[in-house]
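# A structural walkthrough
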Amino acid sequence: MATVASVWASPPTRTPLIENLVSGVDRYNPNNVGILEDYLYHQIRSEEYDCLANLAILKLYQFNPDLYNPDVVINILIKALTSSPFPDFNLCLSLLDERPISQNPDEPDPLPTLLPVLTTLYNLLQQCRFPAFWAMYRSEEAEALRDNYTVECVGFEDAVRGVVIRAVKAAFKRIGKARLESYLDLSGDELAVYVEKLGWTFEVSIGVVAVPPNLDNNPQSTVVQEAIQLPQLTKIIKHAALIA
Amino acid sequence: MSQQRTTLWEAELEEDLQDVDVNLAIGNYGQNGTYDDAQPRIDETTLLAVQQQMAQQAAFSQVPDVVKRFIVHFHQAVLENNLAEITVAYESGWNRLTEKFYAKTEWPEAEVIAPLVNDDQIFLILYRELYYRHVYSRLQPDIDDRFHSYENSCELFNYLLNSDGPVALELPEQWLWDIIDEFIYQYQSFCVWRSKVKSKTDEEIVLLSDESQVWSSYSVLNVLYSLIQKSKINEHIIALQEGKSTGEIDEIVGEYGVRPLYRMLGYFSIIGLLRVHTLLGDFTLALKIMENVELSQKSPFMRVTACHVTTFYYVGFCYIMLRRYPDAIRTFVNILNFIMRMRQYHTRSYQYDQINKTADRMYALLAICSALSPMRVDDNISNIVKERYGEQFTKMSRGEEGLPAFEELFLYACPKFISANPPPYEEGDQLAMYIEDPPIEPAQRHLSLFLSEVRAQAPVPTLRSFLKLYTSLDAAKLANFLDADEEEMVQQLMVMKQASRSVSRVDAENEKGLLDGQMASTSDLDFVIDEICQNMVHIAESTLGRKYAGWFIRNTEHAQRVFDALRNSPLPIPPKTNAPAGKAAPESAPSAAPRTGGRNVAWGGVKAA
């Protein structure tokens, strides 16, 4: 069975061509950066995500500063933003070496101004401060990010909602409607449709949404009993055998 | 390129030797301006050659006889591929002579000792490998040492990789590991040194801008990947795991892979890549490289202790950066246990200090992980963590206010991160800007990313301490305790929930590769929020049943040891009675065990009271 981590490390949507680049030595060939960048834009358009392929782009940028393309970096970070429970956003930042400010005044590098916005958004999601996330995302500060980037990223807002749902699903049995609205940035009918799509139920009379039981929202008190394995006893048995 | 460097080096040699009487005369020739003007250049070159030869002869005469004998012997052992003799020379001879003659100076230059080894170029490359390693570890390498050690490494790897077919050379595994280890160390050391622009002389800046390929990341990766591919080590490991026979494996790995030298260099190169990728901040790729490697002490590749320890240190560290603290804890506990067991055998090894230092850093990392994801670990290990880092651990377990302790331990224990790219040495004005406004150091960059993860889960410890007291609790009441509004508190609860789940390699048998894993609960305390009328938090705790077995096993083993000691100690009675005593021994064994146990129970009771 495919585990969470194996899907993350190697999503089923990855093509053999990309797999070859991600896993082989061809990943270091600067001539392949175009293929990987095209693949990123494919992810942007079709709600796919492949962290390792995107890290391969950043690796090429790290070794070949001439290839650096701020738009690509920003798009990678936007995709990484919503990849909980994996720390992809920071993994991407780890590969971004400090670089001198762009020498070309005609083409200012948008990354230095957008990076603090993206980082703040990431931290808000990390800290489950969802209403604050939406407020920040809709604010004037993030306007450039919205108008130039996330608008192109199909399903970005739904991806954020995915992060919310993962957090809510684990922590709640039932959650108030108003609270869920503020977390998902949806109201009224939109919320009803969304909740229905999730398979969650609206308990209209008391104004709460019931989250179906899952592995995480069903805490049980347990007592863990010890289990003795034979190897733990080998020393004793060996000694006894020697004596006998 | 190399020509230019050679002359530079000669010039320096000349300067160095001016103190020596014999060379003063030679020095005078070079410095005498009138000769320069009067004679054609060609004469000067001849003169230099003569000078150099004389200097070498002078240096040669100063090499102690015991060192000369050692080198001749060493060379002979290498020529004969006599691994036992090479090992003795490598592990003890070299170090002993270093202590005696070269504790504070370089070993003789390879050119000086060349006559002793019939100018054997391969041996001279190996000799230089040791020569430069000694310079790096005991002295201050200057720019020429750094450039030349790179050149020598390239010559060595060229010889191994680009000769006609595999070379017949054989070296001890320990040395092969040290070659790769040192290669990466010198690369890392160069990158750090290169990034310090302010302290560079004009001459160094010129050299650095001319020779931007020296110690470049691409060249280092090239060597490691080439060794991996030549040796077909990955195919080898997979074949081993599939249980293929020796014959089949030989078939698979080909003419290079069958030779121990290439096989081990290939394996060590995988570990080398793990390290290089980590140093460059690519933690996913670092673990991906290890895809086929089994982290088991039984692996035939784990015979070199230093390699074993390095592997676990970097794997554990990568797990931390991937926010997989339980996996990191398991990795560290595993190797620290191993080091503890090996300690009695390894105290004399020349690498003992290095291993101990790495172990101490792993204890620090373990303290970090345990604070972020509390987990029961082996008593022996957790006691050492408490002993060494107890103070920091207490601080780190308090959330936000513990950040300085996280910072302190992280910076102490993290790898020596490097930047992939040099400062812009070739562009004068950019270099000035670089000095004006230097980029953040790599270690600081990674630290701040790590701290952002820590900060995100800062409220968890406090919340946890409150939840532990209840089985169910009104959220408003909890918010009141925490002096927070209810919404804020609910958000913190969600953070806590996330912090108590982690991707983890639970089922190592079925999970292929170090990156694989599934979601697992990492906390003994669990809860759920039920928002009906008012928010109720329901809390459940998993407890461990009392553990008897471990206690009984320990005490039985203790009793057996006591019994053995008693039986083996001479009795102060005539030898005649000795035999019956021996015969009676097996009978007394069972009675001895409960007695020891009984005493300990009583002792436990006293303590409780």
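Definitions and cut-offs
- Residues numbered from 1 in each chain as written.
- Chains lettered and ligands numbered in written order.
- Predicted model: local features only at pLDDT ≥ 70, side-chain atom pairs only at ≥ 80, totals over all residues.
- Heavy atoms only, no water.
- Helix = DSSP H or I, 4+ residues; strand = E, 2+ residues; numbered from the N terminus.
- Contact = heavy atoms within 4.5 Å.
- Buried < 20%, exposed > 50% of the residue type's maximum accessible area, 1.4 Å probe, protein only.
- Axes fitted to C-alpha atoms, helices over the stretch in contact; angles between N-to-C directions.
- Left-handed = near helix turned anticlockwise from the far one by under 90°.
- Nonpolar A, V, L, I, M, F, W, Y, C, P; charged D, E, K, R; others polar.
- Salt bridge = Lys/Arg side-chain N within 4 Å of Asp/Glu carboxyl O.
- Polar contact = N/O pair within 3.5 Å; in protein donor to acceptor, adjacent residues only side chain to side chain.
- Parallel < 35°, antiparallel > 145°, perpendicular 65-115°, else oblique.
- Phe/Tyr/Trp six-rings, centres within 6.5 Å; stacked < 30°, edge-to-face > 60°.
- Lys NZ or Arg CZ within 6 Å of the ring centre and 35° of its normal.
- 1 Å grid on protein atoms, 1.4 Å probe; cavity = no way out; pocket = protein on both sides within 12 Å on 5 of 7 lines; lining within 4 Å.
- Points joined across faces, edges and corners; volume = space filled by probe spheres on them.
- Arc of directions from axis to C-beta.
- Core = buried A, V, L, I, M, F, W, Y, C linked by side-chain atoms within 4.5 Å.
- pLDDT = per-residue confidence, 0-100.

## Examining the overall build of chain A
The helix and strand inventory of chain A stands at 13 helices and four strands. Across chain A, the fraction of contacts at a sequence separation of at least 24, relative to all contacts at a separation of at least 6, is 63%.

## Looking at the overall build of chain B
Per the secondary structure count, chain B includes 28 helices and six strands. Taking all 609 residues of chain B together, 50% fall into the buried category. Contacts spanning at least 24 positions in sequence make up 71% of the contacts within chain B whose residues lie at least 6 apart.

## A short note on the packing of helix α19 (residues 352-372) of chain B against helix α21 (residues 403-413) of chain B
All names here are of chain B. Packing of α19 against α21 brings their axes to within 9 Å, and their N-to-C directions diverge by 145 degrees. Note that α19 runs across α21; the crossing there is left-handed. Only F406, L409, F410, Y412 and A413 of α21 make contact with α19, whose side of the interface consists of K357, D360, R361, A364, L365, A367, I368, A371 and L372. For the contact of α19 with α21, a count of residues per class yields 11 nonpolar, no polar and three charged.

## Here's the deal with the interface of chain B and chain A
At the junction of the two partners, chain B supplies 74 residues and chain A supplies 71 residues. Counting every contact that joins chain B to chain A gives six salt bridges. Across the pair R179 of chain A and E531 of chain B runs a salt bridge, and its minimum N-O distance is 3.0 Å. At the surface where chain B touches chain A, the tally comes to 36 residue pairs in polar contact (both at pLDDT 80 or more). Sort the elements by how many residues they give to the side of chain B that touches chain A and helix α27 (residues 549-568) of chain B lands first, with nine residues. Grouping the amino acids of the side of chain B that touches chain A by side-chain chemistry returns 31 nonpolar, 22 polar and 21 charged.

## A short note on the packing of helix α10 (residues 156-171) of chain A against helix α11 (residues 177-184) of chain A
All names here are of chain A. Where α10 meets α11, the closest approach of the two axes is 9 Å, and the angle between their N-to-C directions is 140 degrees. Relative to α11, the element α10 is oriented oblique. Judged by residue contacts, R161, V164, I165 and V168 of α10 engage L180, Y183 and L184 from α11.

## Brief notes about the packing of aromatic side chains
Taken as a whole and judged by the stated rule, the model has 40 aromatic pairs over all chains. Note on F133 of chain A and W134 of chain A: the rings are 5.4 Å apart at their centroids and 85 degrees apart in plane angle, and the pair reads as edge-to-face. Taken as a pair, F133 of chain A and W134 of chain A share a single burial class, namely buried. Summarising the aromatic geometry, the rings of F406 of chain B and F450 of chain B are spaced 6.3 Å apart at their centres and angled 65 degrees between planes, so their arrangement reads as edge-to-face. Taken together, the residues span a long stretch of sequence, with F406 of chain B in helix α21 and F450 of chain B in helix α23 (residues 442-456) at a distance of 44 residues. Like F406 of chain B, the residue F450 of chain B is buried in the burial classification. Taken together, the aromatic side chains of F70, F74, Y90, W94, F101, Y102, W107, F123, Y127 and W175 of chain B make up a single cluster linked through ring pairs. Sitting over the ring of W193 of chain B, K200 of chain B keeps its end group 4.2 Å from the ring centre. It is K497 of chain B that lies over the ring of F527 of chain B; its NZ or CZ is 4.8 Å from the centre.

## What about the pattern of salt bridges?
Taken as a whole and assessed by the stated rule, the structure comprises 31 salt bridges over all chains. A salt bridge links R275 of chain B to D181 of chain B; the nearest nitrogen and oxygen atoms lie 2.6 Å apart. Placement of the pair is R275 of chain B in helix α15 (residues 260-279) and D181 of chain B in helix α10 (residues 173-195), with a sequence separation of 94 residues. D327 of chain B is the salt-bridge partner of R324 of chain B, the closest N and O atoms lying 2.9 Å from each other. Pair check on accessibility: R324 of chain B and D327 of chain B agree, each one buried. Here the residues in one salt-bridge network are R138, E157, D158, R161 and D185 of chain A, joined through shared partners.

## Section: empty space enclosed by the protein
Residues and elements named next belong to chain B. A complete count under the given rule lists eight cavities of 30 Å³ or more for this structure. The volume enclosed by the second largest cavity comes to roughly 90 Å³. What lines the second largest cavity is R128, E129, Y132, S149, N152, S153, L156, F157, I179, E182, F183 and Q186. Secondary structure elements with two or more residues in the lining of the second largest cavity: α8 (121-138), α9 (143-162) and α10. Sort the elements by how many residues they give to the lining of the second largest cavity and α9 lands first, with five residues. Grouping the amino acids of the lining of the second largest cavity by side-chain chemistry returns five nonpolar, four polar and three charged.

## Considerations on helix α11 (residues 202-210) of chain B
Residues and elements named next belong to chain B. Within α11, the full set of buried residues consists of E204, I205, L207 and L208. With its buried residues spanning 165 degrees around the axis, α11 presents them on a single face. Facing away from the buried side of α11 by over 90 degrees, the exposed positions are D202 and E203. Against the buried residues of α11 lie α9, α10 and α22 (428-436).

## Quick word on the side chain of E129 of chain B
Residue and element names in this part refer to chain B. Here E129 shows up in helix α8. Reaching out from E129, the side chain makes a polar contact with the side chain of R133 at a distance of 2.8 Å. Beyond its immediate stretch of four places on either side in the chain, E129 contacts N152, W175, D178, I179 and E182.

## With respect to unusual backbone geometry
Of note, the bond from S84 of chain A into P85 of chain A is cis; its omega dihedral lies within 30 degrees of zero at 5 degrees. Within the secondary structure, P85 of chain A sits in the loop between α5 (70-81) and α6 (88-95). In this model, D119 of chain B sits at a positive phi of 60 degrees, which is unusual for a non-glycine residue. With respect to the helices and strands, D119 of chain B occurs in the loop between α7 (110-113) and α8. For D119 of chain B, a relative accessible area of 45% gives the class partly exposed. Its identity as a non-glycine residue notwithstanding, K232 of chain B has a phi of 50 degrees, on the positive side. Along the chain, the position of K232 of chain B falls in the loop between α12 (217-231) and α13 (233-241).

## Observations regarding the nonpolar core
In this structure, V168 of chain A together with Y267, L336, F450 and L467 of chain B are the most contacted members of the largest nonpolar core, which totals 249 residues. If we ignore the near neighbours within four places in the chain, the residues touching V168 of chain A are I175, L180, Y183, W200 and V211 of chain A together with M494 of chain B.

## Structural notes on the confidence of the model for chain B
All names here are of chain B. Overall, the prediction assigns chain B a mean pLDDT of 81, with 84% of residues at 70 or greater. The lowest-confidence element of chain B is helix α2 (residues 21-31), averaging 31 in pLDDT; the highest-confidence one is α21, averaging 95. Scored below 50 in pLDDT, residues 1-39 makes 34 contacts in the model with residues more than four places away or belonging to other chains.

## Here we look at the environment of A458 of chain B
Residues and elements named next belong to chain B. Locating A458 in the fold gives a position in the loop between α23 and α24 (460-467). Since its relative accessible area comes to 11%, A458 is described here as buried. For A458 and L372, which are 86 residues apart along the polypeptide, the C-alpha to C-alpha distance reads 9.1 Å.

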